[in-house]
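Coordinates in review
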Amino acid sequence: GGPTIGENTLVVLESAAINTYIGDLARELQAAATMPPTKNKYNVLVPPPATPQRAKYDSLAFFIMTELDAQSLWIHRKHDDL
């Protein structure tokens, strides 16, 4: 298997999904703890949903996951017997 995280009955697979889940969870916990929001809008793990910054985050995360990671795994498997 690959990267996995679990909480109660929830199981999240894949690195990009895990990072996004943890980033969203951290923002919710910060709000629940009534901590003052950060003044730097980029000082968050994952931008809030439905924002231009989140769209950019998702674009980069999905590119890395589908293009870079998949390509490197293919190359590794192709040359595994060398």
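Residues numbered from 1 in each chain as written. Predicted model: local features only at pLDDT ≥ 70, side-chain atom pairs only at ≥ 80, totals over all residues. Heavy atoms only, no water.

1. Considerations on the confidence of the model for the chain
- Averaged over the chain, the pLDDT score is 80; the fraction of residues at 70 or greater is 80%.
- Averaged over each element, pLDDT in the chain is lowest for helix α2 (residues 52-78) (82) and highest for strand β2 (residues 10-13) (92). (pLDDT = per-residue confidence, 0-100. Helix = DSSP H or I, 4+ residues; strand = E, 2+ residues; numbered from the N terminus.)

2. Let's talk about the pattern of salt bridges
- Counted according to the given criterion, the structure contains three salt bridges.
- With a closest N to O distance of 3.1 Å, Asp24 and Arg54 form a salt bridge. Here Asp24 is found in helix α1 (residues 15-32), whereas its partner Arg54 is found in helix α2, with 30 residues between them in sequence. Across the pair, exposure class does not vary: Asp24 and Arg54 are buried alike.
- Residue Asp58 pairs with Arg54 through a salt bridge whose shortest N-O separation is 3.5 Å. One end of the pair, Asp58, and the other, Arg54, are both in helix α2, four residues apart, so they sit about a helical turn from each other.
- With relative accessibility at 10%, the residue Arg54 sits in the buried group.
- Several salt bridges converge on common partners, so that one network encompasses Asp24, Arg27, Arg54 and Asp58. (Salt bridge = Lys/Arg side-chain N within 4 Å of Asp/Glu carboxyl O. Buried < 20%, exposed > 50% of the residue type's maximum accessible area, 1.4 Å probe, protein only.)

3. Thoughts on unusual backbone geometry
- Even without a glycine there, the phi angle at Asn8 is positive, about 55°.
- For Asn8, the position within the fold is in the loop between β1 (4-7) and β2.
- Judged by its relative accessible area of 81%, Asn8 falls in the exposed class.

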